[in-house]
Amino acid sequence: MEHRVIYLDNNATTRVAPEVVEAMLPYFGELYGNPSSIHRFGGQVAAHIEAARRQVAELLGAEYRDRDGNATEIIFTSCGTEGDNAAIHAALRALPERRKIVTTAVEHPAVLHYCEELAARDFIVEKVPVDGRGRLDMEKLAAAVDDNTAVVSAMWGNNETGTIFPVKEIAAVAHARGAYFHTDAVQAAGKVPVNAAECGADFLSISGHKLHAPKGVGALYIRRGIPFAPLICGGHQERMRRGGTENVASIIGLGKACELARSGLEAENRQLRALRDGFEAKLLATIPRIRVNGDLENRLPGTSSVSFECIEGESILMLLDVFGICASSGSACTTGSLEPSHVLRAMGIPYSAAHGTVRFSLSRYNTEEELDFVAEKLPPIIARLREISPYWKA
Ligand SMILES: *Cc1c(COP(=O)(O)O)cnc(C)c1O
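Here goes a summary of the coordinates provided. Since the model is a prediction, treat every value here as computed from it, not as a measurement. (Residues numbered from 1 in each chain as written. Predicted model: local features only at pLDDT ≥ 70, side-chain atom pairs only at ≥ 80, totals over all residues. Heavy atoms only, no water.)

A word on the overall build of the protein. If you tally the helices and strands in the protein, you get 13 helices and 13 strands. Against the compact-globule benchmark of 21 Å for 394 residues, the protein has a radius of gyration of 22 Å, which places it among compact chains. Projected onto the principal axes, the alpha-carbon positions of the protein cover approximately 70 × 50 × 35 Å. Counting over 394 residues, the protein shows a buried share of 57%. Sequence-distant contacts, at least 24 apart, represent 72% of the contacts inside the protein between residues at least 6 apart. In the protein, which carries 42 positive and 49 negative side-chain charges, the distance between the mean positions of the two groups comes to 1 Å. (Helix = DSSP H or I, 4+ residues; strand = E, 2+ residues; numbered from the N terminus. Rg over C-alpha atoms; globule rule 2.2 N^0.38 Å. Buried < 20%, exposed > 50% of the residue type's maximum accessible area, 1.4 Å probe, protein only. Contact = heavy atoms within 4.5 Å. Lys, Arg positive; Asp, Glu negative; His and termini not counted. Charge placed at Lys NZ, Arg CZ, Asp CG, Glu CD.)

Structure below.
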């Protein structure tokens, strides 16, 4: 029992699906050709990359095919971060006379830190705030987007709280002012229906390792007809839109993962929602003074952000770790500080609660038995930490 792992940190990364591993293996073996080669040995690999591109396009509702039947709206990237950077970069290059980027206060660092870099290069960056449930302030968004705005970048689903933004409405606000719209759909893809064509996005990024493909691969949707200046310039790969020899095995894996996500989407969405809701109900019934964060009506199915008042999230994680339970906290621990994350701060979660935030994030591989185990272990852990907390007066 002590040595098993209960993995509830799937918004950080996911297990590579066995079917995906299987699909990738030949590309570490006999199929090692370079897809750019003229000879048939490489050429056959190029065909398999196109098949993967089609699988990605099908998950994302990217319909366009060129004369050869390839989905040219998808390029492969090295990660979600690259897709986010490349989309914003391309939008700025496509509208060079415009100097402003509108984003949100709760984006992933892949967007926020790139925007900071752009602000240092004299671009104007405006971050639209959210309310206490993490919902975007649509009035402030409309006020922020002006004729100087080249791109609006707003995520589809939040990695910390699971809150889903109204991407279609955001796209409309951007387009009304002639700006492009990019959405970071890294957490949404494979968990809720994502249709790039319908949602109005001009750019949409995903990452392999958040949907059971390997780390180090991603994809970017670029709506047909949009001029695209590459972020990474090199060879003629990806129709001149992304230089660098393709990460073939991972691309094949991403394609397979997208196919699995698409065929299992509805069932998985239902499974995760049921597991998550049951888990939260148990915690709310057994532990006093806790709150579930995010937009409860409109959340990714497998994400649960719970704040436990008067204790530290890190202490909870350490005691959960004793039982092999993996989750993550709501602090910006990457910076070595225990400050609540920018997302929780943007939501105005009181400090006493924000500090004790734990994110549980589920995948198709979690079982009810695992969640029952966690729900059973948590109340004594919380009680014990509160007993020694100077802030806790029961
Ligand atoms: C993980 C994540 C990213 C970054 O993806 P990488 O492939 O790790 O670079 C971007 N946005 C969101 C919302 C994420 O959860």
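Attention shifts here to the site of the ligand. Taken together, 13 residues sit near the ligand, with Thr81, Asp184, Gln187, Ser207 and Lys210 positioned nearest. Contacts to the ligand include histidine 209, whose side-chain N or O atom sits 2.8 Å from an oxygen atom. When the free accessible area of the ligand is taken as 380 Å², the share hidden by the protein chains comes to 90%. Considering each element in turn, the shell around the ligand owes the most residues, three residues, to helix α3 (residues 80-94). (Near = heavy atom within 4 Å. Polar contact = N/O pair within 3.5 Å; in protein donor to acceptor, adjacent residues only side chain to side chain. Areas by Shrake-Rupley, 256 points an atom, 1.4 Å probe, with all protein chains shown as cover.)

Gly313, Glu314, Ile316, Leu317, Leu319 and Leu320 are the residues of helix α10 (residues 313-322) that are buried. On its buried side, α10 packs onto β10 (303-308), β11 (325-326), β12 (328-329), β13 (357-361) and α13 (368-387). A positive backbone phi angle near 80 degrees is found at glycine 324, which sits one or two residues after α10.

Turning our attention to the nonpolar core. With 68 residues, the main nonpolar core has Trp156, Leu204, Ile206 and Leu254 as its most contacted residues. Among the elements that take part in this core, helix α9 (residues 248-286) stands out by supplying nine residues, more than any other. The residues touching isoleucine 206, leaving out its near neighbours within four places in the chain, are Val56, Leu60, Cys79, Gly80, Ala185, Val186, Ala189, Gly218, Ala219, Leu254 and Cys258. Membership of the second largest hydrophobic core comes to 28 residues, among which are Ile290, Leu320, Leu371 and Ala375. (Core = buried A, V, L, I, M, F, W, Y, C linked by side-chain atoms within 4.5 Å.)

As a further point, take the pattern of salt bridges. A full pass over the atoms with the stated rule returns 20 salt bridges. Of the charged contacts, one joins arginine 364 and glutamate 268 as a salt bridge, the two residues approaching to 2.9 Å between their closest N and O atoms. Here arginine 364, found in the loop between β13 and α13, pairs with glutamate 268, found in helix α9; they are 96 residues apart in sequence, far enough to count as distant. With relative accessibility at 10%, the residue glutamate 268 sits in the buried group. Counted as one network, the salt bridges with shared partners bring together Glu50, Arg53 and Glu238. (Salt bridge = Lys/Arg side-chain N within 4 Å of Asp/Glu carboxyl O.)

Right, let's get into the pairing of strand β3 (residues 100-104). The element β3 is extensively covered by neighbouring structure, given that five of its five residues are classed as buried. Neither face of β3 is left uncovered, since the one carrying Lys100, Val102 and Thr104 and the one carrying Ile101 and Thr103 both have all their residues buried. As judged from the five bridges shared by β3 and strand β4 (residues 124-128), these two strands associate in the parallel manner. Paired with isoleucine 101 across the two strands is valine 125, which belongs to β4. With helix α4 (residues 109-119) bridging β3 and the parallel β4, this β-α-β connection has right-handed handedness. Bridge count between β3 and strand β5 (residues 149-153): four bridges; the pairing is parallel. Residue pairing for β5: lysine 100 is matched across the bridge by threonine 149. (Pairing = 2+ DSSP bridges. Right-handed = clockwise from strand over helix to strand, strands pointing away.)

Pairing within the open sheet is mixed, and its seven strands lie in the order β2-β8-β7-β6-β5-β3-β4. Edge positions in the sheet fall to β2 (74-77) and β4, since each of these pairs with one other strand and no more. Averaged over all pairs of adjacent strands, the angle between strand axes in this sheet comes to 20 degrees, irrespective of strand direction. (Axes fitted to C-alpha atoms, helices over the stretch in contact; angles between N-to-C directions.)

In the contact formed by α3 and α4, the axes pass within 9 Å of each other and the chain directions differ by 40 degrees. Put simply, α3 runs oblique to α4. Remark: the crossing between α3 and α4 carries right-handed chirality. Judged by residue contacts, Thr81, Asp84, Asn85, Ile88, His89 and Leu92 of α3 engage Ala110, Val111, Tyr114, Cys115 and Leu118 from α4. (Parallel < 35°, antiparallel > 145°, perpendicular 65-115°, else oblique. Left-handed = near helix turned anticlockwise from the far one by under 90°.)

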